[in-house]
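# Summary of structural features
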Amino acid sequence: MQHVIIGNGPAGVIAAETIRKHAAGDSIVLIGDEPERPYSRMAIPYLLHGSIDERGTWLRKEENHFERLRVQQVRGRVMRIDTGTRQAVLEDGALIPYDRLLIATGSVPARPPVPGIELDGVRNCWTLEDARAILERAAPGARVLQMGAGFIGCIILEALAMRGVQLTVVEMGERMVPRMMGDAAGNMIRRWCEGKGVAVHTGTRVDAIERNLSGSSPLLARLSDGSTLEADLIISATGVKPNIGFLQESPIKCLQGILVDETMQTSVPGVYAAGDCAEAYDPILDQTIVSAIQPNAADQAYCAAMNMAGRHAVQRGVTQINVLDTLGLISTSFGRWHGVPGGDHVELTDEAAFRHVRLEFDGDVLVGANAIGFTEHVGLLRGLIESRVKLGGWKQALLANPLCLPEAYIASTRKQPEWRHP
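Residues numbered from 1 in each chain as written. Predicted model: local features only at pLDDT ≥ 70, side-chain atom pairs only at ≥ 80, totals over all residues. Heavy atoms only, no water.

Formed by 55 residues in total, the largest nonpolar core has its most connected members in I31, I81, L102 and I103. Looking at this core, the element that brings in the most residues is helix 7 (residues 294–308), giving 7 residues. Those residues in contact with L102, other than ones at most four positions away along the chain, are V4, I5, I6, A15, Y272, A273, A274, A304 and M308. By size, the runner-up hydrophobic cluster in this structure holds 40 residues, among which are I44, L48, L167 and V177. (Core = buried A, V, L, I, M, F, W, Y, C linked by side-chain atoms within 4.5 Å. Buried < 20%, exposed > 50% of the residue type's maximum accessible area, 1.4 Å probe, protein only. Helix = DSSP H or I, 4+ residues; strand = E, 2+ residues; numbered from the N terminus. Contact = heavy atoms within 4.5 Å.)

In structure tokens:
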């Protein structure tokens, strides 16, 4: 049996190791399209602020790790999948046959339609090559403009701020992290960042980037509010999308990502997908979603690999979970954090202490939450939302006091007597 894995990020590496453990005699080919050894993109911010070196981004530190596991590494870009002949076709024309195929190609940065986005000094922050270029320009005191303040943007923001640059962030949404946080939470994160010396423009976009012919910095950004900003470096962090363009002519069914069942198999037998490129069922949202976080990628890769190796495994679905550390402020988002039609909610905010929690209900089931500064309740929120346990009278207790989560969790999950008004 020959297993081919496209993508040598965390999902690809975990899958290769899992297959080897359970199929000792099979052949494994791991394909990566960068001139790097397998590394984690999520480690790049730590590289930028100096807490690790490039070796610290490597997924496996042993020089002969993949050779020892008899995993053949191939460098190349896959251009298409021929599911009829069961072959991956590389950019150079090479054909790699497979019996089982895992697509773990992750995401690619979204390219905003901004004139001048191709100029020297405008970078994504996605690859080690990007990181090296950013390190050259993001010296202490350098003027840096970041486009985007979503989940990934806030992670990059923290790394840049820790380098001591003069940082300005421009976000099109009316608040920071608009796909993760509601108004109160997103604006609280903004106030926190501004208090740390980061200039933040929300409800604003970069309309054009030009060479700066008269100022002291090489780049000039024109904003939608009519203002201009000089910059030594501009970073585009306007989101990512599943890396599935090479599947356009394939029978492998895709929506936003590659559709998979509970075994992580696609619409084509013998072809699996995992990680940021996969679209799996979310029982909380009752729909398929792309959940581009590394823990989900790891779980999905393990499940896919077990099935590829002939060991049955199922993935019970994914949940929208995000935990974000923005310059020391911890925020979390779970499930239907934006609520459901006709659903109840409760919100508790302490502006001075930078603490906020909002709970969303569908009937007497907790279906979503935003929280800032309440790290002690993260596990309880996740447990209640994922279990979809009926709260009964404890819903009213949470509406009256959303901080009674421990009592509500214990009573609801252990089937203890329901809370009632005295």
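And the narrative resumes.
This part covers the pairing of strand 23 (residues 329–335). Within strand 23, 6 of the 7 residues are buried, which leaves it mostly tucked inside the rest of the structure. When strand 22 (residues 321–326) meets strand 23, the two strands line up antiparallel, connected through 6 bridges. Note on strand 23: the bridge partner recorded for L324 is S331. Taken together, the 5 bridges between strand 23 and strand 26 (residues 365–372) define a ladder with antiparallel strand orientation. Residue pairing for strand 26: S333 is matched across the bridge by N370. (Pairing = 2+ DSSP bridges.)

Another point: the environment of L329. Relative to the assigned elements, L329 resides in strand 23. Overall, the relative accessible area of 5% leaves L329 in the buried class. Along the primary structure L329 and I209 are separated by 120 residues, whereas in three dimensions their C-alpha atoms are 31 Å apart.

Once that is clear, we can look at the sheet that holds strand 6 (residues 95–97). Across the sheet, which stays open at both edges, the 3 strands sit in the order 4-5-6 with antiparallel pairing between neighbours. The sheet is open, and its two borders are formed by strand 4 (78–82) and strand 6, each paired with just one other strand. On average, each strand axis in the sheet is tilted by 20° relative to the strand beside it, whichever way the strands run. Bridging between strand 4 and strand 5 (residues 87–90) involves 4 bridges; their strand directions are antiparallel. Of the residues in strand 5, the one forming a bridge with D82 is Q87. (Axes fitted to C-alpha atoms, helices over the stretch in contact; angles between N-to-C directions.)

What follows covers the packing of aromatic side chains. The tally for this structure, following the rule as stated, stands at 1 aromatic pair. Ring centres of W192 and F354 lie 5.0 Å apart, and the angle between their planes is 80°; on these two criteria the pair is classed as edge-to-face. Of this pair, W192 sits in helix 6 (residues 183–195) while F354 sits in the loop between strand 24 (345–350) and strand 25 (355–362), and the two are 162 residues apart along the sequence. An identical accessibility class is assigned to W192 and F354; each is buried. Above the face of the W58 ring, R37 is positioned so that its terminal group lies 4.0 Å from the ring centre. Sitting over the ring of F374, R355 keeps its end group 3.9 Å from the ring centre. (Phe/Tyr/Trp six-rings, centres within 6.5 Å; stacked < 30°, edge-to-face > 60°. Lys NZ or Arg CZ within 6 Å of the ring centre and 35° of its normal.)

Orientation of helix 1 (residues 10–22) relative to helix 7, taken along the N-to-C sense of each, is 30°, at an axis distance of 8 Å. Between helix 1 and helix 7, the interaxial angle falls into the category roughly parallel. The chirality of how helix 1 crosses helix 7 is right-handed. Between helix 1 and helix 7, the contacting residues are P10, A11, I14, A15, T18, I19 and H22 on the first element and Q294, A297, A298, A301, Y302, A305, M306 and M308 on the second. (Parallel < 35°, antiparallel > 145°, perpendicular 65-115°, else oblique. Left-handed = near helix turned anticlockwise from the far one by under 90°.)

Bringing the packing of helix 8 (residues 378–387) against helix 10 (residues 405–413) into the picture now. Taken N-terminus to C-terminus, the directions of helix 8 and helix 10 make an angle of 35°; their axes are 10 Å apart at the nearest point. The interaxial crossing formed by helix 8 with helix 10 has left-handed handedness. Counting all contacts with helix 8, which are made through L380, L381, G383 and L384, the residues of helix 10 involved are L405, P406, Y409 and T413. Classifying every residue of the contact of helix 8 with helix 10 by side-chain character gives 6 nonpolar, 2 polar and no charged. (Nonpolar A, V, L, I, M, F, W, Y, C, P; charged D, E, K, R; others polar.)

A few words now on the sheet that holds strand 23. Across the sheet, which stays open at both edges, the 5 strands sit in the order 22-23-26-25-24 with antiparallel pairing between neighbours. Because the sheet does not close on itself, it has two edges, and the strands there are strand 22 and strand 24. Put simply, the sheet's adjacent strands are angled 10° from each other on average, direction ignored. Where strand 24 lies against strand 25, 6 bridges are found, and the strand directions are antiparallel. Note that in strand 25 the partner of L348 across the bridge is V357. The strands touched by helix 8 are strand 22, strand 23, strand 25 and strand 26; relative to strand 26, the strand with the most contacts, the crossing angle is about 155°.

With a phi angle near 50°, V177 is a residue other than glycine that sits in the positive phi range. Relative to the elements of secondary structure, V177 occurs in the loop between strand 11 (166–171) and helix 6. Look at R388: it is not a glycine, yet its phi comes out positive at around 55°. Residue placement: R388 occurs in the loop between helix 8 and helix 9 (394–400). According to the relative accessible area criterion, R388 is partly exposed, its value standing at 35%.

All right, on to the pattern of salt bridges then. For the coordinates displayed, the defined rule picks out 21 salt bridges. Note that R37 is salt-bridged to E63, the shortest N-O span being 3.1 Å. Here R37, found in the loop between strand 2 (27–32) and helix 2 (44–48), pairs with E63, found in the loop between helix 2 and helix 3 (65–68); they are 26 residues apart in sequence, far enough to count as distant. For E347, the salt bridge identified is with R358, shortest N-O distance 2.7 Å. (Salt bridge = Lys/Arg side-chain N within 4 Å of Asp/Glu carboxyl O.)

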